[in-house]
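Examination of the molecular architecture
Letter by letter, the chains look like this.
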Amino acid sequence: MTTATVDRKILPPPTERYTVLGWVYKNLFSTWYDALLTLISAAILYFVFAPMITWAITSAKWEVINANLRLLMIGQYPPGELWRIWACMYLAAIIVGLSWGIWVRGRRAAGIALIAAPFIFMLFPSLTLEDRLNLGGIAFAALAGFFIGRARDKSLSRLTTLSWIIYFPLVIFLVRGINEEKQFFGVVGSNFWGGLLLTFLLTVVGIVFSFPFGVLLALGRRSSLAFVKIICILFIEVIRGVPFITIIFMSQLVLPLFLPAGFTLDRVIRAMAGVIIFSAAYLAENVRGGLQAIPKGQFEAAEALGLNSFQTMIYIILPQALRAVIPILVGQFIALFKDTSLVAIVGLYDLLGISRSLLAQPDFIGRQPEVYMFISAIYWVFSYVMSYISQRLEVKMGVGER
Amino acid sequence: MSDQPIISCRDVHKWFGQFHALRGVDMDVQKGEVVVIFGPSGSGKSTFIRTINRLEEHQRGTIIVDGIELTHDVRDIERVRSETGMVFQQFNLFPHLTVMENITLAPLRVRKWKKEQAEEVGKQLLKRVGIPEQADKYPGQLSGGQQQRVAIARALAMQPKIMLFDEPTSALDPEMIKEVLDVMIELARSGMTMMVVTHEMGFARAVAHKMYFFDQGQIVESGTPDQIFKSPKEDRTKLFLSQVLSH
Amino acid sequence: MTQTSPTRSASTNRLLAFLRDERFLQVLSQIVFILIIGGVGYWLTQNMLAALARQGIRLGYGFLTETAGFDIGEMMIEYSRESLFIRALQVGLLNTILVCSWGLIFSTIIGLLVGIARLSTNFIISRIAWVFIELMRNIPLLVLLVFLHGGIFLQLPRVREAIALPGSVYLSNRGLTIPWLTLTPAFSIQVPELQGFNFSGGLTLSPEFSALLIGLSIYTGGFIGEVVRAGIQAVSKGQTEAARALGLSWWQTLRLIILPQAMRVIIPPLTSQYLNLTKNSTLAVAIGYPDLLSISNTISNQTGRSIEMISIIMAIYLSISLVTSAILNWYNSKVRLVER
């Protein structure tokens, strides 16, 4: 009889997991139908993408993008006032850099990709030296923000959150200007806003102005006063139940009728009104979710302390509710960013709209594939990056400072 | 000078839909008195204490707090609420504010005190409940017992004449009950009028002047702790006490 | 005194007390709210009526019985320039129903496949599904539609040089030509053949219809894929383990255990996606497919009756939303897990 000597030596795991071949076998060819799937999908991928890539590199005429880059990005914004756009971008870079430094840990690859983006943009041949310098400046501003945020960490946290809130109204202010006489910091009318700039502005205006409106609707919807509740529910359900395009049509065609005689709004403002109404209804539903999550005890404690309804809302309920729905609100921002493309249907010159009008020019007829692929890529990149950042921030907010 | 009760209830009824929760409750509480209300769950004791500061509305009978009758008059309701402080079973601290902010919010906004004054009072109260060092922490960072003590401090910050406690220790882990009861005992000994809904019979024995046994929306029996513990008159009282005191 | 009496007593204060009664205040605030809303509404309506009067337009739906005077590109029922506006709207409604029905079917199939593929252990398959979903989530539908229509379908070669795909499917600038059922001379599948400048036999789907259907299907399919994935993942792993332990195959497990439970989680967001597809079909107006919105837009431009037309459209789409929500609520109550 032998007693098994227990050999406690710690062994390395079997090697197959560590070689490339082992991984390929496990993930792609583990069973016969798995292997079949792999081969078929590889074949399909090849047949679909090979022609596309060949087209993109050889026969596609990317000149159209190059020639119209400015138009696509900022529409007909007067070149002399461009500094304001750059200012907005610098500010954004600093704030994003700060936020990344303060709240994001790890994720080095994503961070590098973000910093590299302005440099990749520099490759466009039609940019001026000044443009390229500014792009570089933006990348450095973001890096600076990152390192400052990383160093000062907690102490800058409140300031950064505040700056996010102020940033959007500030952008509207900067882009529009104030001085009617068009001297220093004059007004740049909304009919000059175009391209990606207009897309962003529509989104920002939409969210910023729909915010108070939406919160009021959400509160009204929960009101114990029957009439208030009914009106709010009606408004929310009607706006959410109809297609967005009908609201855009309504704001273009019907809104002017409601205004007093002689009072006109330009098309961009009208579209913004439609976006605000639409966004407010969805925001109201999101905020309502946050309000419903607040335990009844919070209301009772406030009541018992003698706070009136208004004070309870401002100091106790809304801060908690809004904090809870911020991730959803960011999602709404991103969705709105994409939905603004519908204003192209009523002839506004947002990113999609200006592309269509561009394609009507004799020089660029038939260049649809190039232009549409380009703007698809732009939408995709901004949308994906915003989603990614929002996911990271959501994770961090759940754990970090209250 | 007439010795008028600071709380006076006559024939108080309350219905929740068809359910008759309070069935004619009469009670007088004198200034400085500590009153303990106990009874099985669903007996209406929480409902009753919440009618005192109008968190629940009574449908019949009169409730008079410090000379003010509780009716639909909003100003009277406000005045009653400023005279009473409440401590809840679930603490109900405001999670997005620090401990100090929780305590000073109401004095700043309702009584319109200056910040220094409110914070000074806040510091004193935190010392009184035994946790002066937690002033800048958030409720989520404190233990249950500490949170409840902050809740007591928060209610005291409004300088109420009456303190209402709705099962203040029922949501606490056993090892933290004592620290909260100690604060409540100190409060009682300092002369505060207190109405306490609780199962903690040790507390009742220590400081209660009067005990009320609630069952099915009515006061079944009342008396001093001595009377209740040593010679309960009603069968229901005896039954309940045997269940509560056996563990 | 043996009983406490309120320290405030004078009956002259009764009016003040009334004004502070919480019930009175509630009623008062509602009245104020009604007055404000009513006031604003009245002012807006006055402006509108004045503006209409200035333009010489009077509100009314009678114009619907007038002759349309415009052509429609494709239709499922009889229509011509002499038809009435109401007829035109019917054409539009049927076109919308056509594209939405097929869209719902295709997007569901695509969504199911993509959702399951996303969870596959095969790396390529799950990655392809991931890329597909991320593409659809981040590109606006309108851009996708315009790209499909303007960037692909309109760029296709003429019929004579049509691109031939396996299964007798042809892509040309006339659209997508596929084999289709025919009742004459006999019930059979007819394969399209090139004759002269056109195809004979089979079914030719216009570029507008094709782009819209394909766009709606893959776009919504991507979102449904995410819904399906989340639904399947919501079924706890223990279910899979128990089923496999009992000897059920992978496919059986999926079909009999996982999917039925996943359905409960999937149905509400799925219905929401269906509603989105229906509302999104209105983007047809951007690529020239004559759906309900498109036609009502044409009518609106021709007659200037924007208010009436918008009200009709909003009413129709709102009804669809409400009916769908009602069906969803009914279904939800039916499939609630029976619990103790």
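Counting from 1, residues in each chain are numbered in the order their sequence is written. The naming scheme follows written order: chains are lettered A onward, ligands numbered 1 onward. Per-residue local features of the predicted model are confined to residues with pLDDT of at least 70, and side-chain atom pairs are confined, for both listing and counting, to 80 or more; whole-chain, interface and lining totals are unaffected and use all residues. Hydrogens and water are ignored here; the side-chain numbers use all heavy atoms of the structure.

Next up on the list: the overall build of chain B. Across its full length, chain B holds 9 helices and 10 strands. When we talk radius of gyration, it's over C-alpha atoms, and the globule rule is simply 2.2 Å times the number of residues to the 0.38. Computed over the C-alpha atoms, the radius of gyration of chain B is 18 Å, within 12% of the 18 Å expected from 2.2 N^0.38 for a compact globule of 247 residues. Judged by the C-alpha coordinates and their principal axes, chain B covers about 50 × 45 × 40 Å. Relative accessibility thresholds used throughout: buried, under 20% of the residue-type maximum; exposed, over 50%; partly exposed, between the two (1.4 Å probe, protein chains only). Expressed as a percentage of the 247 residues in chain B, the buried residues total 57%. Helix and strand definitions follow DSSP, with helices as H or I runs of at least four residues and strands as E runs of at least two, each counted in order from the N terminus.

In terms of nonpolar packing, the biggest core is built from 137 residues, with A:V175, A:W193, A:I345, A:F374, C:F70 and C:I299 touching the most fellow members. For A:W193, the residues in contact, after removing those within four places along its chain, are A:Y77, A:V175, A:R176, A:V188, A:L198, A:L201, A:V268 and A:M272. In terms of nonpolar packing, the next biggest core, distinct from the first, is built from 58 residues, A:I316, B:I37, B:F48 and B:A106 among them. Throughout, nonpolar core names a set of buried Ala, Val, Leu, Ile, Met, Phe, Trp, Tyr and Cys residues whose side chains join them through atoms within 4.5 Å. When checking whether two residues touch, look at their non-hydrogen atoms; a contact exists if any pair is within 4.5 Å.

Another point: the packing of aromatic side chains. Pairing of aromatic side chains here covers Phe, Tyr and the six-membered ring of Trp, requires ring centres within 6.5 Å, and sorts the geometry by plane angle: under 30 degrees stacked, over 60 edge-to-face, intermediate tilted. Enumeration over the complete set of coordinates arrives at 24 aromatic pairs over all chains. Taking 5.8 Å as the distance between ring centres and 50 degrees as the angle between the ring planes, the aromatic pair formed by A:F213 and A:F235 counts as tilted. Of this pair, A:F213 sits in helix α9 (residues 195-221) while A:F235 sits in helix α10 (residues 226-241), placing them 22 residues apart in sequence. Judged by its relative accessible area of 33%, A:F213 is partly exposed. With centroids separated by 5.2 Å and ring planes inclined at 40 degrees, the aromatic side chains of B:F38 and B:F213 adopt a geometry described as tilted. With B:F38 in strand β3 (residues 34-38) and B:F213 in strand β9 (residues 210-215), the pair connects residues that are 175 residues apart, well separated along the chain. Overall, B:F38 belongs to the buried group, its relative accessible area being 0%. A relative accessible area of 1% means that B:F213 is categorised as buried. Two thresholds decide whether a charge sits over a ring: the Lys NZ or Arg CZ must be within 6 Å of the ring centre and within 35 degrees of the ring normal. The residue whose ring lies beneath A:R240 is A:Y282, and the NZ or CZ to ring-centre distance is 5.2 Å.

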